Amino acid sequence: MENKVDMHPELSPNLTPDPIGWGLPPWTRAEAEAVHDLPFNDLLFRAQTVHRENFDPNRVQLSRLLSIKTGGCPEDCGYCSQSSHHQSGLKASKLMEVQRVIAEARTARDAGATRYCMGAAWRSPKERDMDAVVAMVEGVKALGMETCMTLGMLEFDQAQRLKQAGLDYYNHNIDTSERYYSEVISTRTFADRLETLGHVRDSGIKVCCGGIVGMGEEKADRIDMLVTLANLPEPPDSVPINMLIPIEGTPLGEAEAIEPIEFVRAIALARIMMPKSHVRLSAGRTAMSDEMQALCFFAGANSIFVGDILLTAENPGEDKDSALLRRLGIKPMEPEAQ
Ligand code: SAM
Ligand code: DTB
Ligand code: SF4
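Since the structure is predicted, the reported quantities are computational estimates derived from the model, not experimental observations.

The rules we used
Residues numbered from 1 in each chain as written. Chains lettered and ligands numbered in written order. Predicted model: local features only at pLDDT ≥ 70, side-chain atom pairs only at ≥ 80, totals over all residues. Heavy atoms only, no water. Near = heavy atom within 4 Å. Areas by Shrake-Rupley, 256 points an atom, 1.4 Å probe, with all protein chains shown as cover. Nonpolar A, V, L, I, M, F, W, Y, C, P; charged D, E, K, R; others polar. Salt bridge = Lys/Arg side-chain N within 4 Å of Asp/Glu carboxyl O. Helix = DSSP H or I, 4+ residues; strand = E, 2+ residues; numbered from the N terminus. Buried < 20%, exposed > 50% of the residue type's maximum accessible area, 1.4 Å probe, protein only. Axes fitted to C-alpha atoms, helices over the stretch in contact; angles between N-to-C directions. Parallel < 35°, antiparallel > 145°, perpendicular 65-115°, else oblique. Left-handed = near helix turned anticlockwise from the far one by under 90°. Contact = heavy atoms within 4.5 Å. Pairing = 2+ DSSP bridges. Right-handed = clockwise from strand over helix to strand, strands pointing away. Core = buried A, V, L, I, M, F, W, Y, C linked by side-chain atoms within 4.5 Å. Phe/Tyr/Trp six-rings, centres within 6.5 Å; stacked < 30°, edge-to-face > 60°. Lys NZ or Arg CZ within 6 Å of the ring centre and 35° of its normal. Patch = residues over 30% accessible without salt bridge, like charges linked within 9 Å, V, L, I, M, F, W, Y side chains within 5 Å. Lys, Arg positive; Asp, Glu negative; His and termini not counted. Charge placed at Lys NZ, Arg CZ, Asp CG, Glu CD. pLDDT = per-residue confidence, 0-100. Polar contact = N/O pair within 3.5 Å; in protein donor to acceptor, adjacent residues only side chain to side chain.

Describing the site of ligand 2
Then step 1. Neighbouring ligand 2 are 13 residues; N173, N242, L311, T312 and A313 lie closest to it.
Then step 2. Look at ligand 2: alone it shows 410 Å² of surface, and the protein chains cover 87% of it.
Then step 3. Across the shell around ligand 2, the residue classes tally to 7 nonpolar, 6 polar and no charged.

Structure below.
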């Protein structure tokens, strides 16, 4: 590691970033690894510096999630409670009624949420479901909220329909490195994921794309995942970094938790490599201490999911989160600044 830093004098902690060379895509694995492996204080100092150049450091964007179609998914993602390949004990349900989705969104809006993210346990949306999801986007949009959906793989014409309905963001994660992908999921490929991301981008919908850490991957996989994201034709607008929530009955139900400092390094690297993106501290916050979350915010995370549950798993809940944000002096981000 010493050598790597020597080989990249522009990464010396005593020098300011070179605006031409350092910090611009395309990133190589070696460059990303050199940043990742910096002494922790230097890494955090750099991440916080980049963060302040691009965002108000004391504001965090708050998103609310709703599972509009739960369980019974034909995909075999090794981490997921909703796959029909695993025995997580989750009860599958049909696509929620449009009016109920809009009513739930209204309640979330009245409680202060500005972005509403709707998720479905699908490999991809069926044509017969498109009218309903389009109506959901239109209805939630009409409440004055930003809209986000995550419905699995999309064809270009489906992305275009969602764009026309007013969809602001589409979440589609690459989840891990290309190398590790087939260890976690066998029913689709990394290339399938990139193809959908292309359709979303080409339709003009903003891309929300990140992954999961703590799935037994190596450091190199976390770095490669972030290199792939940073080197996309445009970096994603939002980068959710999920910490695996181990779900009993899934292949990753017994996975060993990632060491917290390693997790914070991944957040800091995402911030440095994608300076203008919202980095979302996503799943797994119930297993994090307040101090670990505070370090993640210092490392550049500036978005979270609020509410008692994510899609099927637990989240800290409004009271705990507002107490933490108050103690840290962090305020919700205004929608226009997002
Ligand atoms: N079915 C769609 C798909 O996979 O794209 C959308 C829903 S899926 C649940 C959205 C994301 O949630 C996944 O890509 C994964 O990153 C994250 N996720 C799912 N289960 C998780 C878990 N147990 N722990 C952490 N993140 C998880
Ligand atoms: C993302 O990256 N994380 C969210 C959102 N995108 C859809 C989902 C987290 C799901 C956590 C597991 C669960 O609730 O089942
Ligand atoms: Fe299905 Fe998405 Fe879960 Fe994979 S992550 S099993 S695609 S709901």
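Quick notes on the pattern of salt bridges
Then step 1. Going through the model one piece at a time under the given rule, you end up with 18 salt bridges.
Then step 2. Notably, a salt bridge pairs E318 with R64, separated by 2.9 Å at the nearest N-O pair. Taken together, the residues span a long stretch of sequence, with E318 in helix α12 (residues 318-328) and R64 in strand β1 (residues 59-69) at a distance of 254 residues.
Then step 3. On the basis of relative accessible area, E318 is assigned to the partly exposed category, the value being 33%.
Then step 4. Between E217 and R222 there is a salt bridge, and its shortest N-O distance comes to 2.9 Å.

Observations regarding the packing of helix α10 (residues 260-273) against helix α11 (residues 290-298)
The packing of two helices is summarised by the inter-axis angle and the distance between the axes.
Then step 1. For the pair α10 and α11, the least separation of the axes is 9 Å and the interaxial angle reads 25°. When the axes of α10 and α11 are compared, the pair comes out roughly parallel. For the crossing formed where α10 meets α11, the hand is right-handed. Listed contacts from α11 to P260, F263, V264 and I267 of α10 are M292, L295 and C296.
Then step 2. The class makeup of the residues in the contact of α10 with α11 is 7 nonpolar, no polar and no charged.

Here's the deal with the pairing of strand β2 (residues 115-120)
Then step 1. In terms of burial, β2 is largely enclosed, as 6 of its 6 residues are buried.
Then step 2. Burial along β2 is two-sided: the residues R115, C117 and G119 and Y116, M118 and A120 are all buried.
Then step 3. Inspection of the sheet shows β1 paired to β2 by 6 bridges, in the parallel sense. Paired with L66 across the bridge in β2 is M118.
Then step 4. Note that the unit made of β1, helix α4 (residues 98-110) and β2 has a crossover that is right-handed.
Then step 5. Summarising the sheet, β2 and strand β3 (residues 146-150) pair through 5 bridges and their orientation is parallel. Note that in β3 the partner of Y116 across the bridge is T147.
Then step 6. Taking the sense of rotation as the criterion, the β-α-β connection linking β2, helix α5 (residues 127-142) and β3 turns out right-handed.

So, the nonpolar core
It is characteristic of soluble globular proteins that their nonpolar side chains tend to be buried jointly.
Then step 1. Counting residues in each nonpolar core, the largest one holds 92 residues, and the members touching the most others are I68, M149, L162, I241 and F263.
Then step 2. Those residues within four positions of F263 in sequence are excluded, and the remaining contacts are V213, I241, N242, M243, I258, L281, M288, M292 and C296.
Then step 3. If you look at the next biggest cluster of nonpolar residues, it comprises 7 residues, including Y169, A283, F305 and L310.

Comments concerning the packing of aromatic side chains
Then step 1. Scanning the model with the defined rule gives 1 aromatic pair in all.
Then step 2. When the ring of Y181 is compared with that of F190, the centres are 5.6 Å apart and the planes differ by 75°; the resulting orientation is edge-to-face. The same class applies to Y181 and to F190, which are both buried.
Then step 3. The ring centre of Y169 lies 3.8 Å from the NZ or CZ of R115, which sits over that ring.

Structural notes on a negative patch on the surface
Then step 1. A surface patch of like charges, here negative, comprises E127, E155, D157 and E195.
Then step 2. Topologically, E127 is positioned in helix α5.
Then step 3. According to the relative accessible area criterion, E127 is exposed, its value standing at 51%.

Brief notes about the site of ligand 3
Then step 1. Around ligand 3, the neighbouring residues are C73, E75, C77, Y79, C80, S83, A121, W122 and R188.
Then step 2. Taken together, the residues of the shell around ligand 3 sort by class into 6 nonpolar, 1 polar and 2 charged.

Notes on the confidence of the model for the protein chain
Then step 1. Of the residues in the protein chain, 92% reach a pLDDT of 70 or more, and the chain-wide mean stands at 92.
Then step 2. Low confidence marks residues 1-10, where pLDDT is under 50. Its contacts with residues over four positions away, or in another chain, come to 13 contacts.
Then step 3. Here residues 13-20 is modelled with pLDDT under 50, and outside its nearest four sequence neighbours on either side it reaches 7 contacts, counting other chains as well.

So, the side chain of N171
Then step 1. In this structure, N171 sits in strand β4 (residues 169-171).
Then step 2. Residue N171 is classed as buried on the basis of its relative accessible area of 13%.
Then step 3. Within the structure, the side chain of N171 is placed 3.3 Å from the backbone oxygen of C208, a separation counted as a polar contact.
Then step 4. Sequence-distant contacts of N171, defined by excluding residues within four places in its chain, comprise C148, M149, T150, C208 and P240.

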